[in-house]
Every structure is written in C-alpha cells, then in structure tokens.
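Geometric and topological summary
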Amino acid sequence: MRDQNLPAGPHRSNAAARGVAASDGRVPDGTAPDRTTPDGKVPDRTAPDRTAGPTRASAAVVLIATLAATALLIPRVGPDLSFAIALGDALVFAASLWLVGRERYQVVGYAAAGVLALFVGAGFVLATGYASLQLLSAMFPVTTPELVQSLGLQVASATVVVFGGTVALVGAVATVGNVLRAETAWDHAKLAVKTFVVPLLVATLLLASTVLGRVEGADSAPVTAPLVDAVGGAVDALLSPVPGRAHLFTFCSLLFVTAFVVERAVKALPVAELTATRSDGGREAAARTLRRAADQAALASGVALPVTLVEFALDPAKIESAVTPPVYGLLAAVTGAGVLRWVLAVALVASLAALAVTWLLRRVSRIDSRTVAVELMPFVGGAGVVVLVALTHGTALDIALTFVADRLPGSFATEFTRQSSEVVDFYGSLTVTLTVAALLVGLTALLSLLLTVVISVEMVPSDVAPPALAAGGTFVAAAFAAGAGVGAPVVLVGLVASFVAWDAGEYGTTLRREIGDTGRERGPETAHLGAALAVGTLGAVGAVLVYEYAPRPSVAAESTLPFALVAVVVGLFLLVAALR
Amino acid sequence: MTRERVHRWRTGAVGVGTLVALGLLFASPLLLAATVVPLSYLAYGALSAVPSDAAVSIERQFGNAMPAPGQPVTVSLTVTNESAATLSDLRVVDGVPDELVVTAGSPRGAFALQSGESATLSYDVVARRGEFDFDDPLVRLRPLSGTELVTESVPAAGETELSVVTPVTRAPDRHATLLRAGTHRTDSGGEGLEFRSTREYRPGDPKNRIHWRRFAKTGELTTVSFREERAVRTVVVVDARPVGNVTPRPGVPTATERAAYAGERLYEALVDGGVVTSVTALGLDGGAPEVPTGPAGLPWVDGEADDAVGTARLLFDAVRVAADDTAEDTTGVARDAGPVDGTGAASGPNGAGPGTDTVGSGSGGGRSSEAGRRAADGGSELVERLLEQFPPTAQVVFVTPLLDDWPVDLVGTLAEREYPVTVVSPDATGAGSLGRTVARFERDRRLADLSAVGAATVEWRQSESIEIALSNSIATLLS
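Residues numbered from 1 in each chain as written. Chains lettered and ligands numbered in written order. Predicted model: local features only at pLDDT ≥ 70, side-chain atom pairs only at ≥ 80, totals over all residues. Heavy atoms only, no water.

A look at the overall build of chain A
Definition in use: Under the scheme used here, helices are H or I runs from DSSP no shorter than 4 residues and strands are E runs no shorter than 2 residues, and both carry numbers assigned from the N terminus. The classification of residues rests on relative accessible area computed with a 1.4 Å probe and restricted to protein chains. Under 20% of the type maximum is buried, over 50% is exposed, and intermediate values are partly exposed. For this analysis, residues touch if any pair of their heavy atoms sits within 4.5 Å. Each accessible area is a Shrake-Rupley estimate made with a 1.4 Å probe; only the visible protein chains count as cover when residues are assessed.
Check the secondary structure of chain A and you find 21 helices and zero strands. Counting only residues that meet the buried cut, chain A has 44% of its 580 residues in that class. The long-range fraction of contacts in chain A, counting pairs at least 24 apart against all pairs at least 6 apart in sequence, stands at 75%. Accessible area for chain A stands at about 28,100 Å²; split by element, carbon and sulfur atoms hold 71% of it.

With respect to the overall build of chain B
The helix and strand inventory of chain B stands at eleven helices and 23 strands. A burial count over chain B gives 56% of its 479 residues as buried. Taking as baseline every contact in chain B between residues at least 6 positions apart, the subset at least 24 positions apart corresponds to 71%. Of the roughly 19,100 Å² of accessible surface on chain B, 50% is carried by carbon and sulfur atoms.

Details of the pattern of salt bridges
Residues and elements named next belong to chain A. For clarity, the threshold we go by: When a carboxyl oxygen of Asp or Glu lies within 4 Å of a side-chain nitrogen of Lys or Arg, that pair is called a salt bridge.
Enumeration according to the criterion identifies 34 salt bridges over all chains in this entry. Taking the shortest distance from any N to any O, the salt bridge between E263 and R291 comes out at 3.1 Å. Residue E263 is located in helix α8 (residues 248–268), and its partner R291 is located in helix α10 (residues 282–308); the two are separated by 28 residues in the primary sequence. Classification of R291 as partly exposed rests on a relative accessible area of 30%. Among the salt bridges present, the one from E521 reaches R522, with a minimum N-O distance of 3.6 Å. The buried category is assigned to E521, whose relative accessible area is 0%. Through salt bridges with shared partners, a single network forms among R56, R512, D517, E521, R522 and E525.

Regarding helix α9 (residues 406–416) of chain B
Residues and elements named next belong to chain B. Within α9, eight of the eleven residues are buried, which leaves the element mostly enclosed by the surrounding structure. Taken as a whole, α9 has its buried residues at W406, P407, V408, L410, V411, G412, T413 and L414. Looking at the buried positions of α9, the neighbouring elements they touch are β16 (233–239), β18 (276–282), α8 (380–389), β21 (395–399), β22 (421–426) and α10 (434–452). A positive backbone phi angle near 65 degrees is found at E418, which sits one or two residues after α9.

Section: a nonpolar patch on the surface
Residues and elements named next belong to chain A. Definition in use: Without a salt bridge and with relative accessible area above 30%, a residue can belong to a patch; like charges are then joined within 9 Å and nonpolar side chains (Val, Leu, Ile, Met, Phe, Trp, Tyr) within 5 Å.
Taken together, the side chains of W186, V193, V197, L201, L376, F379 and L449 make up a nonpolar region of the molecular surface, amounting to roughly 570 Å² of accessible area. At four residues, the largest contribution of residues to the nonpolar patch is made by helix α6 (residues 182–213). Position of L376 among the secondary structure elements: in helix α15 (residues 369–407). Residue classification places L376 among the partly exposed positions, given a relative accessible area of 44%.

Details of the confidence of the model for chain A
Rules: Every residue is assigned a pLDDT by the predictor, reflecting its confidence on a scale from 0 to 100.
Mean pLDDT over chain A: 81, with 82% of residues reaching 70 or higher. In the model, residues 555–559 of chain A has pLDDT below 50 throughout and makes five contacts with residues more than four positions away in sequence or in other chains.

Considerations on the packing of aromatic side chains
Residue and element names in this part refer to chain A. The following threshold applies: The rule is short: rings of Phe, Tyr and Trp, with Trp giving its six-membered ring, pair when the centres are within 6.5 Å, and they are stacked under 30 degrees, edge-to-face over 60, tilted in between.
Following the criterion strictly, the structure yields twelve aromatic pairs over all chains and no others. Measuring from centroid to centroid gives 5.5 Å for F124 and F163, while their planes differ by 75 degrees, and the two rings are edge-to-face. Placement of F124 in helix α4 (residues 106–139) and of F163 in helix α5 (residues 146–175) is noted, with a sequence separation of 39 residues between them. On the basis of relative accessible area, F163 is assigned to the partly exposed category, the value being 39%.

So, unusual backbone geometry
Positive phi, close to 50 degrees, is recorded for N178 of chain A, a residue that is not glycine. Position of N178 of chain A among the secondary structure elements: in the loop between α5 and α6. Notably, E418 of chain B is not glycine yet its phi reads approximately 65 degrees, a positive angle. Within the fold, E418 of chain B resides in the loop between α9 and β22. Residue class for E418 of chain B comes out exposed when judged on its relative accessible area of 71%.

What to know about the packing of helix α18 (residues 465–483) of chain A against helix α1 (residues 10–26) of chain B
Stated precisely, the cut-off is as follows: To get an axis, a line is fitted to the C-alpha atoms, and for a helix only the part in contact is used. The angle between two axes follows their N-to-C directions and goes from 0 to 180 degrees. Note on angle classes: values under 35 degrees are labelled roughly parallel, values over 145 roughly antiparallel, values of 65 to 115 roughly perpendicular, and the remainder oblique. Crossings are assigned a handedness: left-handed for a near helix turned anticlockwise from the far helix by less than a right angle, right-handed for a clockwise turn. Throughout, the ten residues Ala, Val, Leu, Ile, Met, Phe, Trp, Tyr, Cys and Pro are labelled nonpolar, Asp, Glu, Lys and Arg are labelled charged, and all others, Gly among them, are labelled polar.
Two numbers describe how α18 of chain A lies on α1 of chain B: the axes approach to 10 Å, and their chain directions differ by 20 degrees. Between α18 of chain A and α1 of chain B, the crossing angle belongs to the class labelled roughly parallel. In the crossing of α18 of chain A with α1 of chain B, the sense of the turn from one axis to the other is right-handed. Each of F475, A479, F480 and G483 of chain A in α18 of chain A lies in contact with α1 of chain B, whose residues at this interface are G15, T18, L19, L22 and F26 of chain B. Here the residues of the contact of α18 of chain A with α1 of chain B sort into six nonpolar, three polar and no charged.

Re the confidence of the model for chain B
Residue and element names in this part refer to chain B. Across chain B, pLDDT averages 77, with 78% of residues at or above 70. Note on residues 168–188: pLDDT under 50 across the span, and 50 contacts to partners over four residues away in sequence or across chains. Note on residues 328–356: pLDDT under 50 across the span, and 105 contacts to partners over four residues away in sequence or across chains. Under the prediction, the complex receives an ipTM of 0.70, its pTM being 0.66.

Things to note about the sheet that holds β22 of chain B
All names here are of chain B. As a reminder, the rule being used: One requirement defines pairing of two strands: DSSP has to find at least two bridges between them.
Read across the open sheet, the six strands follow the order β19-β18-β16-β21-β22-β23; overall the sheet is mixed. Looking at strand neighbours, the two that pair on one side only are β19 (300–301) and β23 (456–460), the edges of this open sheet. Relative to β21, β16 runs parallel, the two sharing five bridges. Its bridge partner being in β21, V236 is matched across the sheet by V397. The sheet strands contacting α9 are β16, β18, β21 and β22, and the helix crosses β21 at an angle near 180 degrees.

A few points about the side chain of S498 of chain A
Residue and element names in this part refer to chain A. Counted only if it meets this: Think of a polar contact as two N or O atoms within 3.5 Å of one another; within protein, one of them needs to be a possible hydrogen donor and the other a possible acceptor, and neighboring residues in sequence only count if both atoms come from side chains.
For S498, the location among the structural elements is in helix α19 (residues 488–514). A residue is classified by how much of its surface remains accessible, and S498, at 2% relative accessible area, is buried. A polar contact of 2.6 Å, which involves the side chain of S498, links it to the backbone oxygen of L495. Once you skip the residues sitting within four places of it in the chain, S498 turns out to touch A471, T474 and F475.

Remarks on the nonpolar core
For clarity, the threshold we go by: Buried Ala, Val, Leu, Ile, Met, Phe, Trp, Tyr and Cys residues that are joined via side-chain atoms within 4.5 Å together make up what is termed a nonpolar core.
One finds L180 and L495 of chain A together with Y41 of chain B to be the most contacted residues of the largest nonpolar core, which totals 83 residues. Once residues within four sequence positions are removed from consideration, L495 of chain A is found in contact with F475, A478 and A479 of chain A together with L19 and A34 of chain B. Grouped together as the second largest cluster of nonpolar side chains are 35 residues, Y261, Y267, A269 and I474 of chain B included.

Structural notes on the pairing of strand β7 (residues 118–126) of chain B
All names here are of chain B. Of the pairings in the sheet, the one linking strand β3 (residues 72–81) to β7 comprises nine bridges and is antiparallel in character. Following the sheet pairing, T74 is matched in β7 by D124. Pairing of strand β5 (residues 102–105) with β7 involves three bridges; the strand directions are antiparallel. Along β7, the bridge assignment pairs A104 with D124.

Thoughts on the packing of helix α3 (residues 80–101) of chain A against α4 of chain A
All names here are of chain A. Close contact between α3 and α4 brings their axes to 8 Å; oriented N to C, the two are set at 155 degrees. When the axes of α3 and α4 are compared, the pair comes out roughly antiparallel. Along this stretch, α3 crosses α4, giving a crossing that reads as left-handed. Here the contact of α3 with α4 is composed, by residue class, of 18 nonpolar, four polar and one charged.

What about the sheet that holds strand β2 (residues 56–62) of chain B?
All names here are of chain B. Taken in spatial order, the five strands line up as β5-β7-β3-β2-β11 in an open sheet, and their pairing is mixed. Each of the sheet's edge strands pairs with one partner strand only, and the pair in question is β5 and β11 (156–158). Each strand of the sheet is rotated relative to its neighbour by a mean of 30 degrees, with strand direction disregarded.

As for helix α2 (residues 56–77) of chain A
Our working definition: Helix span, as expected, comes to 1.5 Å for every residue beyond the first.
Between its first and last C-alpha, α2 of chain A extends 32 Å over 22 residues, near the 32 Å set by a 1.5 Å rise per residue. Of all the positions in α2 of chain A, only S58, A59, V62, A65, T66, A69, T70, L73, I74 and V77 of chain A are classed as buried.

Brief notes about the environment of Q114 of chain B
All names here are of chain B. Structurally, Q114 is set in the loop between β6 (108–113) and β7. In this structure, the C-alpha to C-alpha distance between Q114 and S83, residues 31 residues apart in sequence, is 8.7 Å. Ignoring anything within four residues of it in the chain, the contact list for Q114 reads N81 and T86.

Section: the side chain of T429 of chain B
Position of T429 of chain B relative to the elements: it lies in the loop between β22 and α10. Of note is the side chain of T429 of chain B, whose polar atom sits 2.7 Å from the side chain of D427 of chain B.

Here is the structure:
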C-alpha cells in the first residue's frame, strides 16, 4: 500500500504532486501553483490553488442559499430595509477585504478600504439598530408590565436574527473569490485600527478644545465632565502638588519615568551619524554623559520608589519627626516644587517625541517607498473619513437623531431628544458626528479582529471560513427567528439553507483543492449538493410532521424535557456513529 | 488502498444541541421539532459509505507516439466504473512525470459514473528528449455524503512511457536524405569525370587514362588528366551560448535546445549522405570533457575521425546538459519567469547571458546567470578561434536562434574569408507582448543582414515540423 502522507519538497514523488490527501482529507503542500521541478519547470500549470476557496458552482450555492434564507428571515422580524442594509454592508465589507488582499494598486486600495471602514461599521449598526428601533416603536409602550419581558425577548431575538443574517451575508459574499482569510482579516483589522486613529484624534482634540475653551463650565460639560474631573485631578497632583508637605511618591515616580525615557531617547538618537563630521567628538561625549546621568537618576529613583510608599502609611508629621524637620523641609521643597516637576514633564514629553520620531525614521529608511505609502494609506483613509464627516455632519446628525427619536417609545423619546440637544449644543454637531464616526470605524476594527481570532483559533475552519460564517449566521438567524415569532416554514427553510450552505462550501473547497475548477467536476458536485438538499428537505418535512402531530411539548409540561432528552440522545448516538 | 472516515457532519450535533437549548429557552416546540433537520444530516453521514465492491479501470493513450522535442502531446485518460454500483464521486489524478509540463487541460478530473460508464480526461504535455515514465493514476472515491474516503493507485492500461528519441540513436529518417552525394569540382587535377588537360605518359599511369585516340593517330602515349571531385567538407556549428536559453512561452524547449536538435538532425542527414561533417559547439566553456578540442580549444568533432558519430553524440549530449544546467542554475528564475528585454537577449560579444527567460516579455537587463558568465560566448576572439579550427575549404552550417547580433558578425567574417555559410535558425520569438514583437523584428533584421552578406538562411518556425526545415536546409546546402 502506498504511503499517502507524503513529504513536501522539490524532489517529492509524483503522488505528492498529485495532491494526495493526508488522513484528514486535506491535501499537503504539493499542489501550490508555483511548484517547480528541479529544472525550474512548472509541471502542471493547472495545479489547483489552495487559497482559492470553493468551486464557482459551490460558491454560487452558498451565496444563493444564504441570500434566500436571509431574505426570508430578516424582513419577517424587522423592516425590509434592514435586509437591504445588511446586504449592502456585506458587500462593502467584502470589497474592503478584497482591496486589502490585492497586490496591484495596493496604495489606492488601502486608502479606499480605510474610507470604507466607516460604512462597514455604520452598516452593521444601521441594519441591527434599525430593526430593533422599529420593533421597539411597534411594541412599546405596553399595556401591562408582564408583557415587557416577553416583548423584550422578542425584540432581542429579532435583533439577533438581523445580526446573524448580516454575519451570514458577509460570509456568503466573501465566499465569492474567497476574500475572507485569516491574513486578509488581520490586514483589514490593522488597517481599520490605523484609520480609527485619525478621526479619534481629531474628535479628541475638538472635544478637548471645546471643554478647555469653556473652562468655567467644564465641570458641567455633558457626558465628559467626570472624565475631565479625573484627568484634571491627576494632572494637578502630578504637576501642581499641594505646597507645605513632601510628595515623595509622585516625585520619585515622575523622576524615574523621565530618567528612563530620557536615557532611551538619547540612546536611540543617531548622535554618531549626525556628528560624524566633527573631529572633537564633544557632542558624543555630552550624549554619553547625559545617558550616564539619566541612568543613575533612574536607578536611584527606582530604588527609592518603594520607600516612598511610606507616605501613604504614615502622617506627614510622623515622617517629619523621623527624618528631622530640616531634612523634611528640604524634601518638601524639592518634591513640591512645581517648576521642577514641569521641567521633568517637559523632558518626558520631549523624550517620548524623540523616541517616536527616531523609531519612525529608522523604519522608513529601511523600507521602500511603496511599502511606506501602503502603511500610511489607512491614515489617509482616516483623513478621508474626517473630510466626509466635515462635509455632511449637519444633515447626517439631524437625520439620525430624528430617526432615533421618532422610534423611541414615549418618555424615552423626550429624554433622548433633550440629552442629545444638550450634547450637540455644547460640543457642536461636527464634534459629535466625528466622535460617532470614529466609534463606527472602531467597531469595524473590532469586528475584523474578532474574525481574525475566530479564524486563527479554528473556531471556524480556516480554509472554509466564509462558508462557515454564512452557514453559522444563517443557522443563528433561523433559530432565533422562532423566538421572534416567525412561522415554522421559514424557520425550517433557514435551517436547511444553513446546512446546505455549509455542505456546499466545505465540499466545494475540498473539490477545488484536489481537482481544480475546470467545469468537469459538475457531475459529482451536482449529485452531492442535490443529495444534501434532498436530505434537508426530508428532514424539514419530518420536522413539520413532528411539530404538527407529536404531543405538543411546553416548558410547563412534563413531556418537554424527555422530548428534548430523546433528541439529544439520538443526536449523540448518531454523532458517535459518525465518529467511528 | 486506504479507507478512512471524514467527520463532516459533526456540525449536526452542534445544531441539535443548540436547537434544544434555544427550544427550552424560548419554550418553543418548533425549535425542538426542528432538531429533526440536523439529526437527518447526522444519520445521512453515519449511514453513507463507498460501495465495498467499487472497482475502477483506467486506460491511457498518447496522441503522438513519436513526438519531436517541443511538440505538444495529448494524453487521454479513460476511467471506467467496473463495479455494479454507481460511483457518485470519483476523482482521478494522473501520474505526470515531474519533467513534463502540462500546457493545456488538466491531469485531474472528477466524475459521477454509473455502472459500466466511462469518462475521459485529456491534457497536453510538451515533449522533451528522453523517456518519461508515467506513474499510476491515483483514484479517490467518496459516497454522496462525503463522509468516507477510499484512495488507491490504479495501474493504467495502455501507454505508460513517453519517449522522444535523439536523432543519432535511431535509424536515419529517409525523408531527409540527400538528393545526391555531396561533391564539388575542384581545380586540382586527378581522378574524376570532367576533362581538364593532357600530359606526357609516365610509367605507372592507369591504362584507362591513356589517350588511346591520340595514340592511334600519332603513336604517342599521353595521359588524360580530369577535374578532381572531392567530397564536400561541412562544418556544423551549434550556437549553445546561454543567450539562447529563452522560450517563447513556458514549458517549451529553449532556443538552445531546439538549435541542438536541429544541428543533430542536420548532422545525421549529412553523414547519411556521405558528407564529411565536422561539428563544433559554442558556449560550452569546458562542459564537454569527453569531446576532443581543436587547436583553438573549442570542442571539435573531426568528420574524418574513426568514431566521429559517437563523438558527435557526446557533443550534442553536452549541449543538452549545458542548456539544462543553465536552467537549474537560475532556479527561481524558472522558464516562465524573468522577462527579457525585447532588444537584448543582446548580450553581445562579451555578454553574460541571461538565465532561462521568456523572450521579449518586457523588461530588461541586469539579469545574472552563472552559466552566462562561465561561457566565453562571443567576441572577435571567439571568431578567430573558430576560424583556426575550420578546414581551409568547407561549407559552414551555423545553427543559431539569432537572439543577438554576434552570429551576424561571425557570418560576416566567414563570408569575408569566402566560406559558404548556411544559417539554420530555430525561431524562439513569439507574439502577445510588445517585447516579444520587438524580439521578432530584431531577429528578422538579423536574417536580412545575413542574406545581405551572402549567407543562405533557413528558418525553423515554431509551428513547423523539423522535417520541413531539414529539407530546406539540405536543399540549400546542395544548391
């Protein structure tokens, strides 16, 4: 019997070159399209591409099944527009992933993907939020308090249906072209984070300038007052301590951090390169002296730092009597000197800036201009988001606030309108809109990071991640649709569609990996997918029969738990049989 | 044969658990009843299997049993279901030798075959010199649910070896025979057929050369002298410089390989016709230690030597090895990589030739090649070395892909010294890109330049059989 687990390598046997699968059904390296023989030839230019995802036919089945299921499910629990928004969001997300996965026009692609990150997050929030708000406005206010819990559960279920449907649509669209892989999800996450930084910084600056510009009323600034208070207190404690007593801990901490950072900054500076033409080496000697001094200061303050904790345990009077009043007076003068602390703070900030600039310059000097451009393009995308918001903030904010207020029930709408007006009046519509935009881009980054984690830890199989997302999202949507009051036919269609989508995606991926996508594999593909659909249909018919004619279980009835247990036991039995 | 289970429907168990949990959470009988759906898939996966009597037969055929190097060969693989059951998912991968390049179709296929039904997959490979064994095709079966794998190598009936023989090892091809023995008249007197002059009889002159009519008239014995006919000396020069290691498209032989093949076939035809043929190759740079060298240090097969044919075979082998070594030395610059400047495979007389590249596919220079640097592939020095080894009178057959201007310089020098030259040039340019088009135009210009200096030119186009080029070459040589 031939060994089917064949080694990779340029001189491997033909069996490896022919993509013989390992025991898990996956094909080891050897079918990569760039495989060459020892003489540099590519023996089979039609060798399947392991990163290409499922065959076109299977990808089409995944897409159609998911589209059909979500088109049935989402409008049943929310407005039709939610489905359209979810589909649009999926298309934009897939487009972003495609852009970051391309080699050509990477610079433009990254900038465009950065701008699209805003729409990905917005679409997600719009699709789910719109459905939730519509349901809330339809269901509330209620006549009796007892209905709150059940209706609330219904609204929550509907929200999960829309959320699941959106995830499913993202997976289905991403299946086409296999644009969602661990590496593209990670690249997109990094891009979204960088894009997020720009509007966040601008929004923060605007917020800070608004708050600081109204110093007298800063403690009454809406939303941010507690944060302002906390930040202000910390800055005061650090730079303007209460006179008349020693502030050992804060001073030592500041001195330690400053000395450490200064030493690092001086070490990182290219002093030797910058002073190469000077013959006396004076500046180099000065730099060495400064580094030595900073090192010693950091060491001394670091050693003293634990000792300074005594001021939290003892009264200042006791400390004074322990060290003698003259010494305590000297310590109080030195550690309480605001000027000295400001000098240390300025030195700290300057050193941090020097470190950042040096690091950036070293990085830039080692890489080519194209890579630098690609690295910077997400920030350009972030700037694009800022520009977009600057152009549309007035109209967009009005529409959004009105939309939300119109759909909130009763007094919630009144309170929301009052609060939102206060915030907008204090900070301005640009600041508010930009902050929201930054948060939406941050949501996109979070979603991409979650996808990366999910794929990397194999919560979904990495080579079939898009179909797995499509199937999983559809399943969740169908399951929760029952809780949202959707009828049996639609729920069952959704469940069958989820299994068919999963089967088509996984089967098509394996088929493409082993054989390719030449069109000759349609026969077995059609037979397989037809059988999966037939089994699902039979299962759905069986479920209808059970639902219609079996004794109706209910949570209150004693027959419910045994029914559920039977289902679980049968499932386990079949699982064990399948795992034999 | 290996048989293993694939647990594709484990997700069904997850589905069951999720639906039960949600059913209890929502107090929904529908969700509890819906567990029948994932349970159905679980049962489907558990009960589905590949038929135990599954059997497959395979037959392989080649479209051309004796292809020439560079010719495409269509390989057809017919798969038949010999079992009583339907095989709904049968995948087959043919055992293509690593050395052969698949240029069309695919050696992989997936079929659903009823009992007794057959299906055929076809693909093209590019023939190369040598013999290449195909491995047994690998067959994989799955049931409809895909939950089992049965993998087995199935020996293929029919063809298992693709052979492309070398010319000097096979019987001469009579389609390329000479029309007559290669002879030409000289001005020296001796045995022959055409009257030249008479002289006084000397003792020992053959009786059949005595002018008997004159003796009858005058009684004087005189001897007739005829124009001496000599067998033509021909020198075949094969251009194996690294500049020729380019291809018009991936997978086909390089220009050097085609030049070597054409030179070998020409040599065979000339030897068969009784022409004394010497052979040399340029660009080997010491890569033919078994071949004697001439006075100038270039490998030289003397046509009058005892084992000239055997030594010529060694020389042509060395040319092939040199071309393959150059391709290996530039691993990573595979035969379809490294675009070549349309103007310059023109490495020129001192050229460090490129690695194995595609002709004229766009960008240029700066290519590095160990083989290129090791070969002394041009320059007036090489021309002089060549001329040192040439016999004083010989016709020269220069087999070169004409990818740079150096062959034109060589032919010009030969023409100045009144050597009749025939240039046989395999075409390695192509179309489809600006660079390739430029390369083709430059080659055409060089052909025109060669004609201008009086050389006869014979093109071996890519779409032509070698026989046509051989026939044209021989006809030109004999004209």
